[in-house]
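So the chains spell out like this:
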Amino acid sequence: MKETAYAYAVAYTRALENRMLQRADLEAMLALPSEKDALKYLADKGYGNSGSKTAAGAEEMMKNELEYTWSEVQNACPEGAPIDILLYQNDFHNLKTILKSIFDGSVSGYESLLLGPYITDPAFIYESITTGKTDDFPPLLRDAAKRAYDILASTNDGQLAEIELDKAAFSAMAEVAANSREPFLIGWADLSIALLNMSIALRGAKAKKSKSFLTGAMLKCKNIDNSVLLNAAESGLTEVIAAFTQCGFEDAAKAAEESVSEFERWRDNKRLNYLKAARYKAFGFEPLLGFLVGKQTELQSVRIILSGLRGGIDAETLRGRLRDLYV
């Protein structure tokens, strides 16, 4: 598809950026005395089209805001725009959630854990699994769903099933990116996999997971040498941090030295900053991807603030957990 085909969508996205929160908004929320006050602040800015001021209304507000954003971008995009790649993780998360609820016997209440927007209706996923009609699944989910189901049915190993589905999600993203032949999209998918592998190595070393377990959890990518990560993870946390530096991710090493949560904040910012580099392109799908991921990151920071206010966490601590903003 020619880049000029995205001209209208890019221009419309620029207008939608005016609705995004800025750092001053987050600081204003951090200064508020309660979650209720923060929800009112967001509602006054038209966030989520929700006037609810309760804790339960917070998630509804976030859901409405994200759904509105996606709806506007999808309606503005030309057919075939590669933005659905961002929804793959939601589909696989929903599949994981439904499988877990079925095998745990806790079927009721799983709906509150589902993520949207999505490509595949969670109700369809649930119905297909419980009636044994997984052959009806779309190709995106079909084979991975069967493998995860078999793992749970034969071993009840939820962690192994989750790894299987995570690998399938990122593999699907990489395949779509490769088929698009778009260097920017290929680079973003490969970076996402590299960051996933780094997270696996860091958490695996901390949990003292075996090398064979970690090998099965990682995916191949060009951005980082998995063998270096695997050997380091087998030795320990200090070695993993050194491996980050060895592989050219010195800033990741500095973040990981502080804590796993600080590394995860770096990881999220790294992914967003890759997309921000194309924010001011006049044509092409890249600004659309950046805007959508930017909105997701914005919502992540809003949730951190709301949860912190609810729990009485001080502003300085919350400030240290916030992600970068797109605008």
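Residues numbered from 1 in each chain as written. Predicted model: local features only at pLDDT ≥ 70, side-chain atom pairs only at ≥ 80, totals over all residues. Heavy atoms only, no water.

(A) Region of the structure containing the side chain of Thr69. Along the chain, Thr69 turns up in helix 4 (residues 55–76). Apart from residues no more than four positions distant in its own chain, Thr69 is found in contact with Phe291, Leu292 and Lys295. (Helix = DSSP H or I, 4+ residues; strand = E, 2+ residues; numbered from the N terminus. Contact = heavy atoms within 4.5 Å.)

(B) Representation of the nonpolar core in the model. If you look at the biggest cluster of nonpolar residues, it comprises 89 residues, and the most contacted ones within it are Leu42, Met198, Phe244, Val302 and Leu306. The dominant element in this core, judged by the number of residues it contributes, is helix 9 (residues 183–206), at 14 residues. Those residues in contact with Phe244, other than ones at most four positions away along the chain, are Met198, Leu202, Leu229, Phe249, Glu250, Ala252, Ala253, Ala256 and Phe263. In terms of nonpolar packing, the next biggest core, distinct from the first, is built from 18 residues, Ala161, Leu165, Ala168 and Ala169 among them. (Core = buried A, V, L, I, M, F, W, Y, C linked by side-chain atoms within 4.5 Å. Buried < 20%, exposed > 50% of the residue type's maximum accessible area, 1.4 Å probe, protein only.)

(C) Representation of the pattern of salt bridges within the structure. Throughout the structure, instances matching the rule amount to 23 salt bridges. Here Arg265 makes a salt bridge to Glu262, at a shortest N to O gap of 3.2 Å. You can see Arg265 and its partner Glu262 sitting in helix 14 (residues 260–276), three residues apart, about one turn around the helix. Each member of the pair, Arg265 together with Glu262, is buried. In this structure, a network of salt bridges that share partners links the residues Arg19, Glu65, Lys295 and Glu298. (Salt bridge = Lys/Arg side-chain N within 4 Å of Asp/Glu carboxyl O.)

(D) The arrangement of the packing of aromatic side chains in detail. Inspection of the entire model under this criterion finds nine aromatic pairs. Ring plane angle 20° and centroid distance 5.5 Å describe the contact between Tyr110 and Tyr126, whose orientation is recorded as stacked. Of this pair, Tyr110 sits in the loop between helix 5 (88–104) and helix 6 (122–130) while Tyr126 sits in helix 6, and the two are 16 residues apart along the sequence. For Tyr126, a relative accessible area of 23% gives the class partly exposed. Following the ring pairs from residue to residue traces out a cluster consisting of Phe244, Phe249, Phe263 and Trp266. One Lys or Arg, Lys209, reaches over the ring of Phe213 and ends 4.9 Å from the middle of that ring. Across the ring face of Tyr326, the terminal group of Arg279 is positioned such that the distance to the ring centre comes to 5.4 Å. (Phe/Tyr/Trp six-rings, centres within 6.5 Å; stacked < 30°, edge-to-face > 60°. Lys NZ or Arg CZ within 6 Å of the ring centre and 35° of its normal.)

(E) Fine view of the environment of Gln300. Positionally, Gln300 belongs in helix 15 (residues 286–311). The class of Gln300 is partly exposed, set by a relative accessible area of 28%. Considering only alpha carbons, one finds Gln300 and Met62, 238 residues apart in sequence, at a separation of 9.3 Å. In this structure, Gln300 is in contact with Asp268 and Arg323, ignoring residues within four places of it in sequence.

(F) Looking closely at helix 1 (residues 7–16). Within the sequence span of helix 1, burial applies to Ala9, Val10, Thr13 and Leu16. Buried residues along helix 1 cover an arc of 110° about the axis, so they all sit on one side. (Arc of directions from axis to C-beta.)

(G) Region of interest: unusual backbone geometry. Cis rather than trans, the peptide bond between Gly116 and Pro117 has omega equal to -5°. Following the sequence through the fold, Pro117 ends up in the loop between helix 5 and helix 6. Phi angles above zero are rare outside glycine, and Arg181 is one such case at about 60°. Relative to the helices and strands, Arg181 is located in the loop between helix 8 (158–180) and helix 9. On the basis of relative accessible area, Arg181 is assigned to the exposed category, the value being 72%.

(H) Focus on the state of the cysteines. Per the counting criterion, the structure on display carries zero disulfides. Cys247 supplies the cysteine sulfur nearest to Cys221, a cysteine that is in no disulfide, at a spacing of 9.4 Å. (Disulfide = S-S within 2.5 Å.)

(I) How the structure looks around the environment of Phe92. Following the sequence through the fold, Phe92 ends up in helix 5. Linking Phe92 and Leu140, residues 48 residues apart in sequence, is a C-alpha distance of 9.1 Å. Once residues within four sequence positions are removed from consideration, Phe92 is found in contact with Leu140, Leu141, Ala144, Leu165, Ala168 and Ala169.

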